[in-house]
Amino acid sequence: MPIAEEKSVARRNAATQRRSKDKVQRILDTTLAMLSAGPADKVTTNEIAKNAGISIGTLYHYFPKKEAIFYELFRRWLQQTLDLLDGVDARFDGSESLEDYVDAIFERLSRDEEINSPGHWQLRRAMGSSRELAELEAHHQKEVAQRLISFQKRFGREISEEQAGALAYLQNQVSVACLSAAALYGSRPEGREVLQWCRKTLHLVYDVEKLRA
């Protein structure tokens, strides 16, 4: 694969000064807002530049194509998610109930619009649009799986290494579905009940003993 194609979603120029950083942030915020309003394939660099109030040349100064914007948004989102997971994790030592731990994670992630919005889930659906985006998603899933395996052991759940990997994958997929549902339905009349369904689902899938019962 040619070098240029390998770097297809790389940032073109890093923003170092405050004014440049503000422009980059405006591009990112505008793109996320557009993703909240519609699918990723409807988002174009021309529309991003127009809505952000900058020239298309300025946008291309920082990002060579829209996938590069998606990549930066997704990279930041994943790091924020991992940081929040680690923050919740630090509050528990294993003497508490596993349900309380799961509730704390879901509460923290589902109610933070900077982490859990319709735009973020549109962004995630775009992850297969390039090799780099797919690799970033795969790396994130590995990071999450390691954390899921760790807390199973902390809460005294016995599981083999082979089963742990499969369970972590299942838990991650179910968590994604529940968080996506929370983002979509959380503010609707049925949102409260949907959130309760999500909690009950996560209580089951995060506890290997309940799954075996």
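The preceding data block contains the structure.
Residues numbered from 1 in each chain as written. Predicted model: local features only at pLDDT ≥ 70, side-chain atom pairs only at ≥ 80, totals over all residues. Heavy atoms only, no water.

S.K.: Tell me about the overall build of the protein, and name the residues and values.
M.R.: Of the regular secondary structure elements, the protein holds 11 helices and zero strands. Dimensions of the protein, computed from C-alpha atoms along their principal axes, come out at roughly 60 × 45 × 30 Å. Per-residue burial over the protein gives 46% buried out of 213 residues. In the protein, the proportion of contacts linking residues at least 24 apart, taken out of those at least 6 apart, comes to 73%. A total accessible area of about 11700 Å² is found for the protein, and carbon and sulfur atoms account for 50% of it. Mean positive and mean negative side-chain charge positions of the protein (31 and 31 charges, respectively) differ by 7 Å. (Helix = DSSP H or I, 4+ residues; strand = E, 2+ residues; numbered from the N terminus. Buried < 20%, exposed > 50% of the residue type's maximum accessible area, 1.4 Å probe, protein only. Contact = heavy atoms within 4.5 Å. Areas by Shrake-Rupley, 256 points an atom, 1.4 Å probe, with all protein chains shown as cover. Lys, Arg positive; Asp, Glu negative; His and termini not counted. Charge placed at Lys NZ, Arg CZ, Asp CG, Glu CD.)

S.K.: Account for the side chain of histidine 203, naming residues and giving values.
M.R.: Mapped onto the elements of the fold, histidine 203 is located in helix H10 (residues 191-205). Classification of histidine 203 by relative accessible area gives buried; the value is 14%. Other than its neighbours up to four places away in sequence, histidine 203 contacts Glu99, Val102, Asp103 and Lys210.

S.K.: Got a sec to walk through the nonpolar core? Specific residues and values, please.
M.R.: Most often, soluble globular proteins have nonpolar side chains that are buried together. Among the nonpolar cores identified, the biggest contains 65 residues, and Ile27, Phe63, Ile69, Phe106, Leu123 and Leu202 are the most heavily contacted of them. When residues in this core are grouped by element, the largest group, 11 residues, is from helix H5 (residues 66-89). (Core = buried A, V, L, I, M, F, W, Y, C linked by side-chain atoms within 4.5 Å.)

S.K.: Could you give an account of the packing of H5 against helix H8 (residues 131-154), with specific residues and numbers?
M.R.: Look at H5 against H8: their axes get within 10 Å of each other, and the N-to-C directions meet at 5°. Between H5 and H8, the angle falls in the class roughly parallel. Residues Glu67, Phe70, Tyr71, Phe74, Arg75, Leu78, Thr81, Leu82, Leu85, Asp86 and Asp89 of H5 lie in contact with H8, whose contacting residues are Glu132, Leu133, Leu136, Glu137, His140, Glu143, Val144, Arg147 and Arg154. Of the residues assigned to the contact of H5 with H8, the class counts are nine nonpolar, two polar and nine charged. (Axes fitted to C-alpha atoms, helices over the stretch in contact; angles between N-to-C directions. Parallel < 35°, antiparallel > 145°, perpendicular 65-115°, else oblique. Nonpolar A, V, L, I, M, F, W, Y, C, P; charged D, E, K, R; others polar.)

S.K.: An account of the state of the cysteines is needed here, citing residue identities and associated values.
M.R.: With the rule as written, the count across this model stands at zero disulfides. Here cysteine 178 is not cross-linked by a disulfide; its sulfur's nearest cysteine counterpart is in cysteine 198, at 3.9 Å. On the accessibility criterion, cysteine 198 (5% relative accessible area) is buried. (Disulfide = S-S within 2.5 Å.)

S.K.: Please set out the packing of aromatic side chains residue by residue, giving values where relevant.
M.R.: Evaluated as defined, the whole model comprises six aromatic pairs. Where tyrosine 101 meets phenylalanine 155, the ring centres are 5.2 Å apart and the plane angle is 55°; that geometry is what we call tilted. A residue pair is termed long-range when its members are at least 10 positions apart, and tyrosine 101 in helix H6 (residues 98-110) and phenylalanine 155 in the loop between H8 and helix H9 (161-185) qualify at 54 residues. Owing to a relative accessible area of 3%, tyrosine 101 belongs among the buried residues under this scheme. Each residue in the set Phe92, Tyr101, Phe151, Phe155 and Tyr206 is aromatic and connected to the rest through ring pairs, giving one cluster. (Phe/Tyr/Trp six-rings, centres within 6.5 Å; stacked < 30°, edge-to-face > 60°.)

S.K.: Go over the pattern of salt bridges, please, and point to the residues and values.
M.R.: Following the criterion strictly, the structure yields 12 salt bridges and no others. Through salt bridges with shared partners, a single network forms among Glu72, Arg75 and Arg76. (Salt bridge = Lys/Arg side-chain N within 4 Å of Asp/Glu carboxyl O.)

S.K.: How would you sum up the packing of H9 against H10? Please name residues and give values.
M.R.: Where H9 meets H10, the axes come as close as 9 Å, and the angle between the chain directions of the two elements is 175°. Taken as axis vectors, H9 and H10 run roughly antiparallel relative to one another. Contacts between H9 and H10 involve Leu167, Leu170, Gln171, Val174, Ser175, Cys178, Ala181, Ala182 and Tyr185 on the former and, on the latter, Gly191, Val194, Leu195, Cys198, Thr201, Leu202 and Val205. Residue composition of the contact of H9 with H10, grouped by class: 12 nonpolar, four polar and no charged.

S.K.: How would you explain a nonpolar patch on the surface if you had to name every residue and give the values?
M.R.: Together, Leu170, Leu204 and Leu211 line one region of the surface with nonpolar side chains, adding up to about 240 Å² of accessible area. For leucine 170, a relative accessible area of 38% translates into the label partly exposed. (Patch = residues over 30% accessible without salt bridge, like charges linked within 9 Å, V, L, I, M, F, W, Y side chains within 5 Å.)

S.K.: Before we move on, can you summarise the environment of glycine 128 with the specific residues and values?
M.R.: Mapped onto the secondary structure, glycine 128 falls in the loop between helix H7 (118-125) and H8. When the C-alpha atoms of glycine 128 and glutamate 161 are compared, they prove to be 28 Å apart, with 33 residues separating the residues in sequence.

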